[in-house]
Amino acid sequence: MRALIAEAGGWVPFDVFMHHALYAPNWGYYATPRRLIGLGFGDGSDFVTAPELSPVFAQTLARAVAAWMAHTGVDEIWEFGAGRGVLARDVLKALDALGCGPRQGRVRRYVIVEVSGALRGVQSDTLSEYSSVVEWAEAWPEHLRAVVLGNEVLDAMPVQLLCRSAGQWFERGVSMQGDALVWVDRPTELRPPTPIPGEHDYLTEIHPQAHAWVQDLGRRLTHGVVALFDYGFPEAEYYHPQRSGGTVMCHQGHLSDPHPLEAVGEKDITAHVDFTGIALAAQDAGLAVVGYTSQGSFLLDAGLVDVLPQASAAQQAAALKLIHEHEMGELFKVIVLAPEASAADVPAMGFVRGDRTHTL
Ligand SMILES: C[S@@+](CC[C@H](N)C(=O)[O-])C[C@H]1O[C@@H](n2cnc3c(N)ncnc32)[C@H](O)[C@@H]1O
């Protein structure tokens, strides 16, 4: 990181810092062979995600995936940022159980796009029983016909930091002072997507990388459906005048902290998702919003209650964390997108009750 900052002339914007802290080969957080995602009961992991918490997440999502595949006629699933491959494995298993998986020839390819080489190896082990349909893509195809899944991928994409100080806007970046990494702000023309009322000091993020990613996806997706799960809010909540400290968070050992310049490469760095920005970027690229709601509402509407009785008591207990408002049920959201021409006909599984698209 010192070399990177020196080469850049002594200052890098936060998104460049975050990109290297997470993804630099050999020393970035996601390059480590250590187990990063897990339940935390003595496994040395740093954070848990919905598919790792309970297979009920994948089993419920698979019902929607089955409906979307049948409706759009696609036979591929693409997953971005597949972590340890648990969602992929459990979705494929659930689709087989529903009679529309790889065993029935209904899923021809399950393609993973993963930036972390270390995680690709783990995914390959997790998915060994589905090796005939699972593959990894280096580059995106020109045209994509698929159901596209992403769980906690958008929050892992580097963000730029903007701060208002004494009424002036600055971009926050990282410099060296002696051996220490320090924050340094530079005047900028950049602004949050919506004006922040008031004159008070304010720190926030903008998400050009996530927007570019969604636009790239939108331009390529000719048939299919995209479902993205993550923590975040619509713009009005994200850029609320009272949210004056931003949303950047680090995760290590199942604790969170707001200090990304410490223990660089040893902890995850994330920012919440502005789902309005995602919806607008998607619209620019020809996608329309099929639905947007909380994870809890989506899972209940997509049939979690029907899936639950087949789960063990322990899995049922864990599954409740997926929908409880004080756990993952409310902060986590899902947005489902589809090519504009077909979006109105996509089965609204997960959104029949509780759709919140109007809040975006
Ligand atoms: C927080 S983890 C979530 C992992 C997994 N989806 C889960 O829920 O357990 C973020 C994942 O996104 C991957 N990632 C980040 N940016 C990506 C991108 N632009 N394309 C594909 N994968 C990406 C990371 O390498 C990592 O696997």
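This part covers the packing of helix α7 (residues 208–220) against helix α9 (residues 275–284). At a minimum axis distance of 8 Å, the contact between α7 and α9 shows a crossing angle of 35°. In the packing of α7 onto α9, the handedness of the crossing is right-handed. Touching Ala 210, His 211, Val 214 and Gln 215 of α7 are Gly 277, Ile 278, Ala 281, Ala 282 and Asp 284, all from α9. Among the residues making up the contact of α7 with α9, the classes are represented as five nonpolar, three polar and one charged.

Another point: the site of the ligand. Around the ligand, the structure places 19 residues, and the nearest of them are Tyr 23, Thr 49, Gly 81, Glu 114 and Asn 151. Thr 49 has a polar side-chain atom sitting 2.7 Å from an oxygen atom of the ligand. At 3.4 Å, a backbone N or O of Gly 83 approaches an oxygen atom of the ligand. Across the complex, the protein chains shield 94% of the 600 Å² of accessible surface that the ligand would expose by itself. Residue classes in the shell around the ligand are distributed as twelve nonpolar, five polar and two charged.

Attention shifts here to the pattern of salt bridges. Under the definition given, this model contains 17 salt bridges. Among the ionic pairs, Asp 179 bridges to Arg 2, the shortest N-O distance being 3.8 Å. Of this pair, Asp 179 sits in the loop between β7 (168–177) and β8 (180–187) while Arg 2 sits in helix α1 (residues 2–7), placing them 177 residues apart in sequence. In this pair, the class of Asp 179 matches that of Arg 2, namely exposed. With its nearest N and O atoms 2.9 Å apart, the salt bridge here joins Glu 330 to Arg 356. In this pair, Glu 330 sits in the loop between α13 (325–329) and β16 (332–339) while Arg 356 sits in the segment after α14 (340–343), placing the two residues 26 residues apart along the sequence. Taking relative accessible area as the criterion, Glu 330 reaches 27% and is therefore assigned partly exposed. A cluster of three or more residues bridged by salt bridges with shared partners is formed by Asp 75, Glu 76, Arg 108, Arg 109 and Glu 135.

Cut-offs used in this document
Residues numbered from 1 in each chain as written. Predicted model: local features only at pLDDT ≥ 70, side-chain atom pairs only at ≥ 80, totals over all residues. Heavy atoms only, no water. Axes fitted to C-alpha atoms, helices over the stretch in contact; angles between N-to-C directions. Helix = DSSP H or I, 4+ residues; strand = E, 2+ residues; numbered from the N terminus. Left-handed = near helix turned anticlockwise from the far one by under 90°. Contact = heavy atoms within 4.5 Å. Nonpolar A, V, L, I, M, F, W, Y, C, P; charged D, E, K, R; others polar. Near = heavy atom within 4 Å. Polar contact = N/O pair within 3.5 Å; in protein donor to acceptor, adjacent residues only side chain to side chain. Areas by Shrake-Rupley, 256 points an atom, 1.4 Å probe, with all protein chains shown as cover. Salt bridge = Lys/Arg side-chain N within 4 Å of Asp/Glu carboxyl O. Buried < 20%, exposed > 50% of the residue type's maximum accessible area, 1.4 Å probe, protein only.

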